[in-house]
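# Fold and contact review
Okay, here's what each chain looks like letter by letter:
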Amino acid sequence: MRLYSKYFSAGTMLLISISAVQAEDKLGKIWNYNPSTGGVTVIPPVPGYFNIGDVLHVFTEDGKPIGKIHVNRSFHTKVDAVSKEKNPDIDRSSIVVKHPKDFAKSDKKRPSIISYRDIENRARGWSVKVQFSGKTCSPDAKTQARKLDFANAIGYRETGNNYYRPVKLSSIESFMYTWDGQKLAAKSLKISGKTIETDEIISSSPLKMIKPPSSCRDEIQDVSITLKKSGSPRKSLIDVIPLEIKIDKPSKLKGHDAYIIKIFSNQKFLADYIIDYEMMKRENVSGKINLPVYYFSPGMNQIEAVLVGAKADGRLIREDRTVSKIGSSTLNIEAGNYNHSLAISGKGKRLKMEVK
């Protein structure tokens, strides 16, 4: 049986302003745990605080040491880790820190929580310099000042890898693409002076907006995009896959105090949505979670959704072993095509999942 805070779901995730990290701001939180594989999903105290290779210490809320987990992937707003021992004591109430002294020094033993909406991949306008390398490009159009929209964090696939690595846009100096005569293809990123060869960059704006001048459009060439100055945030989101949840007659979800909808991709935990006792009194329940594309895998993703029964215990929701399958489907992430969506809808427990 695992513990869930009512206020700690995909609708409410942990995020604190990136500033000086005080002792009380060093507490991460277990978001999901798979005891059969030892897979752990952790919410960090600030985006990017836990990194690949970190060994994290796990505590109960009352300060009992549980064990250690090892970080194997970091997404800024969540971390994938593993308990090599498949520790049965880890659950949703567990606290995670880099160093045991971080927990001991913290006055508050509960991480701060803020709406998930604040960490969605909102777009921001940027002034950029675009440079075309075609020999036949007209001199007056070879270098251009343009404006492009980018997400606050983007994903990229390093050459030869089969997974995405996220990076804050503010740490990127430039993008390099190859124009093949019809479209752009990712070539590399320059981050902190280091060039990283890539097979894919999850950023749809350059692909839609940038073409060489007509004088050299038929010529195969490199195209560099250098970030110059950030502008104002946009109202729109960019490079996300929305998950819409619409449930009629949630009162028909009888038998438990609460329910948790869980979504997985290739058996990796993506998000959850808690339906508590108060929500089950409504005529309908609806919500939307915008998942960054880099949460998924390049190529084919096996998407699965399940409904988990739970019991309420004050602020906590205790997950039990009652699990029913909502549905499964496939989603194919192809370079440059990120216009997908997920939906879960139905009446009571008669839910279905759609992937578009």
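These notes cover the structure that comes with them. (Residues numbered from 1 in each chain as written. Predicted model: local features only at pLDDT ≥ 70, side-chain atom pairs only at ≥ 80, totals over all residues. Heavy atoms only, no water.)

Okay, the overall build of the chain next. In terms of helices and strands, the chain carries two helices and 25 strands. Counting every position in the chain, which comprises 356 residues, the buried fraction comes to 51%. Taking the intrachain contacts of the chain between residues at least 6 apart in sequence as the baseline, contacts between residues at least 24 apart amount to 69%. Carbon and sulfur atoms provide 47% of the accessible area of the chain, an area that totals close to 16700 Å². (Helix = DSSP H or I, 4+ residues; strand = E, 2+ residues; numbered from the N terminus. Buried < 20%, exposed > 50% of the residue type's maximum accessible area, 1.4 Å probe, protein only. Contact = heavy atoms within 4.5 Å. Areas by Shrake-Rupley, 256 points an atom, 1.4 Å probe, with all protein chains shown as cover.)

Let's shift gears to a positive patch on the surface. On the surface, a cluster of positive charge is made up of Lys-252, Lys-254, Lys-347 and Arg-350. The residue Lys-252 is located in the loop between strand E18 (240-248) and strand E19 (258-265) in this model. Residue Lys-252 is classed as partly exposed on the basis of its relative accessible area of 49%. (Patch = residues over 30% accessible without salt bridge, like charges linked within 9 Å, V, L, I, M, F, W, Y side chains within 5 Å. Salt bridge = Lys/Arg side-chain N within 4 Å of Asp/Glu carboxyl O. Lys, Arg positive; Asp, Glu negative; His and termini not counted. Charge placed at Lys NZ, Arg CZ, Asp CG, Glu CD.)

Let us now look at the pattern of salt bridges. One pass over the structure, following the stated rule, counts seven salt bridges. Across the pair Asp-180 and Lys-183 runs a salt bridge, and its minimum N-O distance is 3.2 Å. Residue Asp-180 is classed as partly exposed on the basis of its relative accessible area, which comes to 37%. The residue Glu-278 makes a salt bridge to Lys-281 at a minimum N-O spacing of 3.4 Å. Exposure remark for Glu-278: the relative accessible area of 48% places this residue in the partly exposed category.

Here we take up the packing of aromatic side chains. Going through the model one piece at a time under the given rule, you end up with six aromatic pairs. Both rings, one in Tyr-49 and one in Phe-50, keep their centres 5.3 Å apart while their planes meet at 50 degrees; by these two values the pair is tilted. One exposure class covers both Tyr-49 and Phe-50, and it is buried. On the numbers, 6.4 Å between centres and 20 degrees between planes, the contact of Phe-175 with Tyr-177 is stacked. Exposure class is identical for Phe-175 and Tyr-177. Each is buried. (Phe/Tyr/Trp six-rings, centres within 6.5 Å; stacked < 30°, edge-to-face > 60°.)

With that out of the way, let us pick up the environment of Lys-352. Mapping Lys-352 onto the fold places it in strand E25 (residues 350-355). Given a relative accessible area of 49%, Lys-352 falls into the partly exposed group. In the structure, Lys-352 is positioned 25 residues away from Gly-327 in sequence and 6.0 Å away in space, judged by C-alpha atoms. With near-sequence residues (within four places) excluded, Lys-352 lies in contact with Ile-326, Ala-343, Ile-344 and Ser-345.

Before going further, it helps to spend a moment on unusual backbone geometry. One non-glycine residue with positive phi stands out, namely Asn-266, at about 50 degrees. The residue Asn-266 is located in the loop between E19 and strand E20 (268-275) in this model. Despite not being glycine, Gln-267 shows a phi value in the positive range, around 70 degrees. Note on Gln-267: relative accessible area 72%, which makes it exposed.

Glancing now at the nonpolar core. Counting residues in each nonpolar core, the largest one holds 47 residues, and the members touching the most others are Ile-261, Leu-291, Phe-296 and Ile-344. Broken down by secondary-structure element, the contributors of at least two residues to this core are E18, E19, E20, strand E21 (284-292), strand E22 (299-313), strand E23 (316-333), strand E24 (342-347) and E25. The next biggest cluster of nonpolar side chains, apart from the first, holds 28 residues, and it includes Val-128, Leu-148, Ile-201 and Ile-210. (Core = buried A, V, L, I, M, F, W, Y, C linked by side-chain atoms within 4.5 Å.)

Sheet architecture is open: four strands sit in the order E21-E18-E24-E25, paired in mixed fashion. Every interior strand has two partners, whereas the edge strands, E21 and E25, have only one. Direction aside, the axes of adjacent strands within the sheet are offset by 10 degrees on average. Relative to E24, E18 is paired through six bridges, and the arrangement is parallel. (Pairing = 2+ DSSP bridges. Axes fitted to C-alpha atoms, helices over the stretch in contact; angles between N-to-C directions.)

This part takes up the pairing of strand E16 (residues 194-202). One ladder, built from four bridges, connects strand E12 (residues 153-158) with E16; its direction is antiparallel. In the strand pairing of E16, Arg-157 is matched with Glu-200. In this sheet, E16 lies alongside strand E15 (residues 184-191) in antiparallel orientation, the contact comprising four bridges. Across the sheet, Ile-191 pairs through a bridge with Lys-194, a residue of E16. Linking two consecutive strands that pair antiparallel, namely E15 and E16, is a turn of two residues; a positive phi of about 50 degrees is found at Ser-192 within it.

What follows deals with the sheet that holds strand E3 (residues 28-34). Pairing is antiparallel in the closed barrel, where six strands are placed in the order E3-E4-E7-E6-E5-E8. Put simply, the sheet's adjacent strands are angled 40 degrees from each other on average, direction ignored.

Attention now goes to the pairing of E24. Inspection of the sheet shows E24 paired to E25 by six bridges, in the antiparallel sense. For Ser-345, the partnering residue across the bridge sits in E25 and is Lys-352. In textbook terms, the turn of a hairpin is the stretch between consecutive antiparallel strands, and for E24 and E25 this stretch comprises two residues, one of which, Gly-348, has a positive phi near 60 degrees.

Looking now at the environment of Leu-253. Here Leu-253 shows up in the loop between E18 and E19. For Leu-253, a relative accessible area of 2% corresponds to the buried category. Spatially, the C-alpha atom of Leu-253 lies 9.3 Å from that of Gly-309, the residues being 56 residues apart in sequence. Among residues more than four places away in sequence, those in contact with Leu-253 are Tyr-259, Ile-275, Met-280, Leu-307, Gly-348 and Lys-349.

Purely geometric numbers; function is a separate question.
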